[in-house]
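# Results of the structural survey
This is what each chain is made of:
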Amino acid sequence: MALTNGAGVATDIKASALELIGNTPLVALDRLHPGPGRILAKCEFMNPGASIKCRSALHMIQKAKESGELKEGAPVLEVTSGNQGVGLAIVCAIEGHPLTLTMSKGNSLQRALHMEALGAKCVRVPQVEGTYGNVTLADVKAAEAVGMKIIDETGAYYVNQFNNQENANAHYVTTGPEIWKQTGHRVDAFVATVGTAGTFTGASRYLKEKNPNIKCFVVEPEGSQPIAGCKISKPLHLLQGSGYGCVPNLFNFDTLDEPLSVTDEETLHYKKLVGEKEGLYVGYTSAANVAAAVKLLNSGKIPEDSWVVTILNDTGLKYTPVAGESN
Ligand SMILES: Cc1ncc(COP(=O)(O)O)c(C=O)c1O
């Protein structure tokens, strides 16, 4: 609710950081892909936590409070790859909930620093399988086990993004409708990486309801493509926050047209191109989305003049650059 100026006149002042979440711009990547067709990218790095996960944080906490599951001032716990934790740290700071996050040590240190700067406690859990910058399902499970112990000890409310339908609903009520409106109802294809699947499931459901002819694609790291039905041959990849090597519980095959894949090399190449051609410094899953969108437009799978909407999930500032990355 925007504030008034004290004399009843509406201002353009946001009442809190919660009102900075969502309503992100959609930008045409016309320099990177001059056509035919067009790649339209949703600038989720412009959320106050610099990622798309602010949306699910706000929606899941609001719904838990509405249902009475989360009481005023009660402690909250979540298992995170970092972005969900940062989103929750913003919401919990404003709403007055002590927050503890458990996160694999394979996720970047920047994320833990960010969460702690917002007043949350971040427990970094040693990896059991992956390496720094490459987080596997076993690493996430290790962070989850530590989180469950903390819940036993403290009785904290468990947000549970991997199994919480309100995670997907956040994108059904915000991301999907924003894309539909911003494109003037012209969306031919939607492309998204999958972590919990909240983004893909919620946004694709809304877009397909509006226009059943929209084609929806997921992006998986090559060698870790369970949605495509492939055996996992390469569990380590650059796409922190996605590609955990299992089909997430929130994933809905009904709105999937086809899975796509990208290699780490393609991700690094497009991360550099998005920076140098479009002036946007984004993270690895954002680059993977753009790489997949370009490949899709060049594949003949959709008409060549299609408008492809995809997501710039977070900022490149959240990461320690990896070997082979030149910028
Ligand atoms: C950087 C990044 N990209 C993509 C995703 C995937 O989003 P979702 O969990 O909605 O599938 C996440 C999730 O944490 C993320 O952190």
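Scoring rules and cut-offs
Residues numbered from 1 in each chain as written. Predicted model: local features only at pLDDT ≥ 70, side-chain atom pairs only at ≥ 80, totals over all residues. Heavy atoms only, no water. Helix = DSSP H or I, 4+ residues; strand = E, 2+ residues; numbered from the N terminus. Rg over C-alpha atoms; globule rule 2.2 N^0.38 Å. Buried < 20%, exposed > 50% of the residue type's maximum accessible area, 1.4 Å probe, protein only. Contact = heavy atoms within 4.5 Å. Near = heavy atom within 4 Å. Polar contact = N/O pair within 3.5 Å; in protein donor to acceptor, adjacent residues only side chain to side chain. Areas by Shrake-Rupley, 256 points an atom, 1.4 Å probe, with all protein chains shown as cover. Nonpolar A, V, L, I, M, F, W, Y, C, P; charged D, E, K, R; others polar. Domains from an automatic or database assignment. Lys, Arg positive; Asp, Glu negative; His and termini not counted. Salt bridge = Lys/Arg side-chain N within 4 Å of Asp/Glu carboxyl O. Core = buried A, V, L, I, M, F, W, Y, C linked by side-chain atoms within 4.5 Å. Pairing = 2+ DSSP bridges. Axes fitted to C-alpha atoms, helices over the stretch in contact; angles between N-to-C directions. UniProt positions renumbered as here; feature names shortened; annotations may be inferred. Phe/Tyr/Trp six-rings, centres within 6.5 Å; stacked < 30°, edge-to-face > 60°. Lys NZ or Arg CZ within 6 Å of the ring centre and 35° of its normal.

This brings us to the overall build of the protein. Scanning the protein from terminus to terminus reveals eight helices and 10 strands. Whereas a compact globule of 327 residues would reach a radius of gyration of roughly 20 Å, the protein reaches 19 Å, a difference of no more than 12%. For the protein, the spread of C-alpha atoms along the three principal axes comes to 60 × 55 × 40 Å. When each of the 327 residues of the protein is scored for burial, the buried share is 55%. In the protein, of all internal contacts separated by at least 6 residues, the share reaching a separation of at least 24 is 69%.

Moving on, we get to the site of the ligand. In the vicinity of the ligand, 16 residues are found, and the nearest of them are Lys53, Gly195, Thr196, Thr199 and Thr285. With respect to the ligand, the side chain of Thr196 contributes an N or O atom lying 2.6 Å from an oxygen atom. Taking Thr199, its side chain carries an N or O atom lying 2.6 Å from an oxygen atom of the ligand. For the ligand, whose unbound accessible area comes to 390 Å², protein coverage reaches 98%. Class assignment for the residues of the shell around the ligand results in three nonpolar, 11 polar and two charged. Residues from two domains meet in the shell around the ligand; each of domain 1 (17-46 + 174-318) and domain 2 (53-158) gives at least three.

In this fold, Lys53 is placed in helix α1 (residues 53-67). Here Lys53 occupies a buried position and makes no salt bridge, while the nearest side chain of opposite charge, Glu78, is found at 7.4 Å. What Lys53 contacts, discounting residues up to four positions off in sequence, is Asn83, Gln84, Gly87, Gln161, Asn167 and Thr196.

One finds Leu32, Val290, Leu296, Val308 and Leu312 to be the most contacted residues of the largest nonpolar core, which totals 33 residues. At the level of elements, β2 (38-43), β7 (189-193), β8 (215-221), β9 (258-262), α7 (264-278), α8 (284-297) and β10 (307-312) are the ones that each hand at least two residues to this core. Considering each element in turn, this core owes the most residues, nine residues, to α8. Leaving out residues up to four positions away in the same chain, Leu296 has contacts with Ala189, Val191, Phe217, Leu260, Lys301, Ile302 and Val308.

Strand pairs in the sheet, formed through backbone hydrogen bonds, run parallel or antiparallel to each other. Sheet architecture is open: four strands sit in the order β5-β4-β3-β6, paired in parallel fashion. Two strands in the sheet have a free side with no partner beyond their single neighbour: β5 (121-125) and β6 (157-158). Here five bridges tie strand β3 (residues 76-80) to strand β4 (residues 99-104), and the two strands are oriented parallel to one another. Each residue of the ladder has a partner; that of Val76, found in β4, is Leu99. Its contacts with the sheet place helix α4 (residues 137-154) against β3, β4, β5 and β6, and it is angled at close to 155 degrees to β4.

Further remarks concern the UniProt feature "domain: Tryptophan synthase beta chain-like PALP" (unreviewed entry) in the protein. Under the UniProt annotation, the feature "domain: Tryptophan synthase beta chain-like PALP" (unreviewed entry) is placed at residues 19-314. Annotation note: span residues 19-314, helix share 39%, strand share 17%, distance between end C-alpha atoms 18 Å.

One pass over the full model with this rule turns up six aromatic pairs. Plain terms: the ring middles of Phe200 and Phe251 are 5.5 Å apart, the flat faces sit at 20 degrees to each other, and that makes the pair stacked. Pair noted here: Phe200 is in helix α6 (residues 198-210) and Phe251 is in the loop between β8 and β9, with a separation of 51 residues, a long-range link. Phe251 carries the same exposure label as Phe200, and that label is buried. Aromatic pair Phe251 and Phe253: ring centres 4.8 Å apart, planes at 85 degrees, arrangement edge-to-face. Assessed through its relative accessible area of 9%, Phe251 is described here as buried. Ring-pair connections join several aromatic residues into one group, and the members of that group are Phe190, Phe200, Phe251 and Phe253. Over the ring of Tyr172 we find Arg205, and its NZ or CZ is 3.9 Å from the ring centre. Its guanidinium or amino end placed over the ring of Tyr284, Lys271 lies 5.0 Å from that ring's centre, counting from NZ or CZ.

What follows deals with the pattern of salt bridges. Enumeration over the complete set of coordinates arrives at 16 salt bridges. Close ionic contact of Arg111 with Asp314 constitutes a salt bridge, the shortest N to O distance being 3.7 Å. With a gap of 203 residues between them, Arg111 in helix α3 (residues 109-117) and Asp314 in the segment after β10 connect regions that are remote in the sequence. Arg111 gets classed as buried once you look at its relative accessible area, which sits at 1%. By relative accessible area, which is 1% here, Asp314 ends up buried. With its nearest N and O atoms 2.8 Å apart, the salt bridge here joins Lys295 to Glu266. Taken together, the residues span a long stretch of sequence, with Lys295 in helix α8 and Glu266 in helix α7 at a distance of 29 residues. On the basis of relative accessibility, which here comes to 33%, the residue Lys295 falls in the partly exposed class. Overlapping salt bridges bring together Lys42, Glu44, Arg55 and Glu178 as one network.

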